[in-house]
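# Geometric and topological summary
Chain by chain, the residues:
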Amino acid sequence: MISAPPPVASSGPHPAPAASDTARPKIEAIDLSAWYGTTHVLRNVSLSVPANTVLAIIGPSGCGKSTFVRCLNRMHELVPGARQSGQLRIDGEDLLSRKVDPVDLRRRVGMVFQRPNPFPTLSIFDNVIAGFKLNGIRGDHAAVVEKSLRRAALWDEVKDRLHASALSLSGGQQQRLCIARALAIEPEVLLMDEPASALDPIATAKIEELIHELKQVLTVVIVTHNMQQAARASDRTAFFYMGELIEHGDTEQIFTNPREPRTEDYVTGKFG
Amino acid sequence: MSLARRRFTSRAMTALCGLALLLALLPLVSLLMLVISRGAAGLSFDFLTQLPRPVGESGGGVGNAIVGSLSIVALASLIGIPVGVGAGVYLAENGDGRAGKLIRFTAEVLSGVPSIVVGIVAYGLFVVPMHHFSALAGAVALSVLMIPTLARGTEELVRLVPRTLREASLALGIPEWKTALRVVVRTALPGIVTTALLAIARALGETAPLLFTALNNQYWSHRPDEPTASLTVQIFNDAVSPYDELHARAWSAALVLLMLVGLLSIGARLFARLRARGQR
Ligand SMILES: Nc1ncnc2c1ncn2[C@@H]1O[C@H](COP(=O)(O)OP(=O)(O)OP(=O)(O)O)[C@@H](O)[C@H]1O
Ligand SMILES: [Mg+2]
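This report concerns the structure included in the present document. What you see is a predicted model; the values in this text were computed from it and never measured.

Before going further, it helps to spend a moment on unusual backbone geometry. Residue and element names in this part refer to chain A. We note that Asn52 has phi near 55°; this positive angle belongs to a residue other than glycine. The topology assignment puts Asn52 in the loop between strand E2 (39–50) and strand E3 (54–58). In the Ramachandran plot, Ala153 falls in the positive-phi region, its phi being about 55° despite a non-glycine side chain. Mapped onto the elements, Ala153 comes out in the loop between helix H4 (141–151) and helix H5 (155–158). The exposure class of Ala153 is partly exposed, given its relative accessible area of 36%.

So, on to the environment of A:Gly110. All names here are of chain A. Mapping Gly110 onto the fold places it in strand E6 (residues 109–112). Accessibility expressed as a relative area gives 3% for Gly110, which makes it buried. Each C-alpha atom, one on Gly110 and one on Ala182, is 5.5 Å from the other, the two residues being 72 residues apart in sequence. Look past the residues within four positions of Gly110 in its chain and what remains in contact with it is Pro187, Val189, Leu190 and Leu191.

Attention now goes to helix H6 (residues 171–184) of chain A. Residue and element names in this part refer to chain A. Taking 1.5 Å of rise per residue, the 14 residues of H6 would be expected to cover 20 Å, and the 20 Å separating its terminal C-alpha atoms lies within 8% of that figure. Of all 14 residues that make up H6, 13 are buried, and the element is covered over most of its length. Glu186 sits one or two residues past H6 and shows a positive phi near 50°.

This part takes up the pattern of salt bridges. Applying the stated rule across the entire model yields 27 salt bridges over all chains. The closest approach of N and O atoms between A:Arg262 and A:Glu260, which form a salt bridge, is 3.9 Å. Under the relative-accessibility criterion, A:Glu260 is labelled partly exposed at 30%. For B:Glu155, the salt bridge identified is with B:Arg104, shortest N-O distance 3.0 Å. With a gap of 51 residues between them, B:Glu155 in helix H6 (residues 135–160) and B:Arg104 in helix H4 (residues 98–112) connect regions that are remote in the sequence. Grouping residues by exposure puts B:Glu155 and B:Arg104 together as buried. A network of salt bridges, in which partner residues are shared, links B:Asp96, B:Arg104, B:Glu108, B:Arg152, B:Glu155 and B:Arg159.

To continue, consider the site of ligand 1. Residue and element names in this part refer to chain A. Neighbouring ligand 1 are the residues Tyr36, Val41, Ser61, Gly62, Cys63, Gly64, Lys65, Ser66, Thr67, Val79, Glu194 and His225. The contact in question runs from an oxygen atom of ligand 1 to an N or O atom on the backbone of Gly64, over 3.0 Å. The contact in question runs from an oxygen atom of ligand 1 to an N or O atom on the side chain of Thr67, over 2.5 Å. Relative to its free-state accessible area of 640 Å², ligand 1 is covered by the protein chains to the extent of 60%. Among the elements that make up the shell around ligand 1, the one with the highest residue count is helix H1 (residues 65–72) (three residues). Taken together, the residues of the shell around ligand 1 sort by class into four nonpolar, six polar and two charged.

Our next topic: the layout of surface pockets. One water molecule sets the probe size; rolling that probe over the atoms shows where empty space is left. Here the largest pocket is characterised by a volume of approximately 630 Å³. Every residue lining the largest pocket is counted, 21 residues in all, and those nearest its centre are A:Leu78, A:Pro80, B:Glu93, B:Arg166 and B:Glu176. Every element with two or more residues in the lining of the largest pocket is listed here: helix H3 (63–94), H6, helix H7 (163–171) and helix H8 (176–204) of chain B. Grouping the amino acids of the lining of the largest pocket by side-chain chemistry returns ten nonpolar, two polar and nine charged. In this model, the second largest pocket occupies a volume close to 400 Å³. Contributing to the lining of the second largest pocket are 20 residues, with A:Ser66, A:Arg70, A:Gln114, A:Asp193 and B:Arg163 lying nearest its centre.

Parameters at a glance
Residues numbered from 1 in each chain as written. Chains lettered and ligands numbered in written order. Predicted model: local features only at pLDDT ≥ 70, side-chain atom pairs only at ≥ 80, totals over all residues. Heavy atoms only, no water. Helix = DSSP H or I, 4+ residues; strand = E, 2+ residues; numbered from the N terminus. Buried < 20%, exposed > 50% of the residue type's maximum accessible area, 1.4 Å probe, protein only. Contact = heavy atoms within 4.5 Å. Expected span 1.5 Å × (residues − 1). Salt bridge = Lys/Arg side-chain N within 4 Å of Asp/Glu carboxyl O. Near = heavy atom within 4 Å. Polar contact = N/O pair within 3.5 Å; in protein donor to acceptor, adjacent residues only side chain to side chain. Areas by Shrake-Rupley, 256 points an atom, 1.4 Å probe, with all protein chains shown as cover. Nonpolar A, V, L, I, M, F, W, Y, C, P; charged D, E, K, R; others polar. 1 Å grid on protein atoms, 1.4 Å probe; cavity = no way out; pocket = protein on both sides within 12 Å on 5 of 7 lines; lining within 4 Å. Points joined across faces, edges and corners; volume = space filled by probe spheres on them.

Purely spatial values, then, with no claim about function.
Shown next as structure tokens:
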């Protein structure tokens, strides 16, 4: 699947994640396990993500990457028969406690999916504002739409046709529209599950650029099958294998000097 | 198999399919031609707007029956569409539990109940206690016939909405009920409207449930608790009468009914097509 080792050396500026081990963690998973019915798909995952950094999650298909990110906004529990155990914290607050309303949590933890999924019956404008409107939040809708589309680097391409159908956009534009839609409600964390897997290299590059900008204001968790992308876009990387977290650390270290032989085999493309 | 033989088989099958199509169209075309040839002569502006006249007097029409049919069906839709669509959305959203299975089973049984039986039940439940025939009783009977089709149709359509769309909405922190109504049903709406229009067209053609409920009326009805004329019952009464003039009126009324049903069906088609185009 992965043909060449990732060009880590030329992977652009790496804003040294200022002592990421000591920084206050934004997200913390402690002994997190997850099941679908009786299949145990995440096994005791413990990991933390410092605020304003990008965590890339890599690993072979079926290893539990999507399940992990879906636990972070409690979308996992929407699958019939699915359950989870352990602790998940955002800013130290336990997300899995009964006191946390998953609906409120999902406003704080936004998500972008593998395939662009704009609302097909709505215009570009209404897509961006959907979370705002349907949650009954008041405000200057036009300003929110412009700001979100600018942040998603889509404004210039759509500013003259905001009321056209969202389906009139190209796949890459639709994905950026979905990012704008997630950003409109100003989440603290953005989860991206293979956001560029359906896109061409140019659209992919745009999204990676975007991630760099976004981490000024929020914390990003991105699932990817693309080693180069993980190396370029993330500060830290976590390698999952068969439901276990094998290794995580600074992206540079994972790609140049992994501690685990399985990580090395995966990032160098010996299996995948 | 040789090429010549395959060609021959292909031609033969095409011819057979064409024949089947002709056979299927034959009853429809002959029905249309018969109704038009017998009914067209009696059509006039008066026929559409006047009250029926007794045998022997010329002129008159079925204006009250047209208005009656439309108002009974409107009333039935007012009851049937919210209940049917609501049940369908419920079935699609959480129809896998006990309640869902029960509702689905009920809808299936209900859709198999002959319409005359529904009419008798409405007679027993409404007409007898209220001491008179009424449009309302007729509307209830028709709505009972509309509900199962609407529920199953809506369920299918709502289930067709991709899961990714529902997830997109939930991930924005939109509560599940709001996601169901404002995103999922909204997306399935064009199909639901088409289903509803077809259900209305079917209700418009029902006679049996109205025979003992709305009955008939030679005059204009002004309230939903009065006996009310309808095209179908008017046609039935005229057709079984011994008078040629009334037979002619039945044919013309049948033509009017066909046109109304046709308009609704065409409307449903056009609506579906317009929406399909708007999506792209
Ligand atoms: N709805 C579900 N019901 C049952 N099992 C599931 C369900 N979704 C995922 N699984 C199983 O859970 C395991 C982890 O799946 P997950 O989707 O998290 O993998 P992934 O790492 O995201 O894979 P990919 O890279 O292919 O997206 C897989 O073995 C999968 O078969
Ligand atoms: Mg996945």
